[in-house]
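# Coordinate analysis (summary)
The chain contents come next:
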Amino acid sequence: MAATDRASAPHFSCRIYEQPVDGTVHRVARGISQEVATGSDGRPEPLVLLEHRLLEADVPPGEYRALISLRNLRLIRWVHGSPIPEQIAWRGIVDEPPPEVHPDDHRTMIEMAKGLAKSSTTGRLRVRGVDGSWVPIAARVSLVAIDQETTAGLVKFTIDR
């Protein structure tokens, strides 16, 4: 089969989330449709790549995105395409304080994680800064299936100034 004769198949991917606007909750759907062509090895492009592109497609300025373990509420990884905040302690290196949520905000964090059973959740938390201070953030968390046995929280947050 010539390169121009490659087979292709359409694929549609969509994420639906709730977004509060002026006291009213709106459901917003963001989707992408793509022809998935076979590569030179005859296999189609992995659909996971398309899902990843959708996550990266709309990162507003000042928004950070990370995957968080729902088992221990720790960072799994920063989402590719999102900036990594320089002022938040997350690396676990010698010159930084350990990553931490303010003790007074633990209840809020746990309630946000529990709320994911029903829908995405929002809340305000303080996280440890690289200088030892507490950095206030406004966070929105959505449930993400990593594989059949593993779920995580996709945390989208901005730093409150």
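This one's a predicted model, so the numbers in the text were calculated from it and none came from an experiment.

### Comments concerning the sheet that holds strand S7 (residues 151-159)
Pairing is antiparallel across the open sheet formed by five strands, whose spatial order is S4-S3-S7-S6-S5. Each edge of the open sheet is held by one strand with a lone partner, namely strand S4 (75-78) and strand S5 (121-128). Along the sheet, successive strands turn relative to each other by an average axial angle of 35 degrees, direction set aside. As judged from the nine bridges shared by strand S6 (residues 134-145) and S7, these two strands associate in the antiparallel manner. Across the sheet, residue Arg140 finds its bridge partner in S7, namely Lys156. Relative to the sheet, helix H2 (residues 106-115) contacts S5 and S6, its axis offset from that of S5 by approximately 145 degrees.

### Re the side chain of Lys156
Assignment of secondary structure puts Lys156 in strand S7. For the buried Lys156, which has no salt bridge, the nearest side chain bearing the opposite charge is Glu63, at an N-O separation of 5.3 Å. Not counting residues within four places of it along the chain, the set of residues in contact with Lys156 comprises Glu63, Tyr64, Arg65, Ala138, Ala139 and Arg140.

Definitions and limits used
- Residues numbered from 1 in each chain as written.
- Predicted model: local features only at pLDDT ≥ 70, side-chain atom pairs only at ≥ 80, totals over all residues.
- Heavy atoms only, no water.
- Pairing = 2+ DSSP bridges.
- Helix = DSSP H or I, 4+ residues; strand = E, 2+ residues; numbered from the N terminus.
- Axes fitted to C-alpha atoms, helices over the stretch in contact; angles between N-to-C directions.
- Contact = heavy atoms within 4.5 Å.
- Buried < 20%, exposed > 50% of the residue type's maximum accessible area, 1.4 Å probe, protein only.
- Lys, Arg positive; Asp, Glu negative; His and termini not counted.
- Salt bridge = Lys/Arg side-chain N within 4 Å of Asp/Glu carboxyl O.

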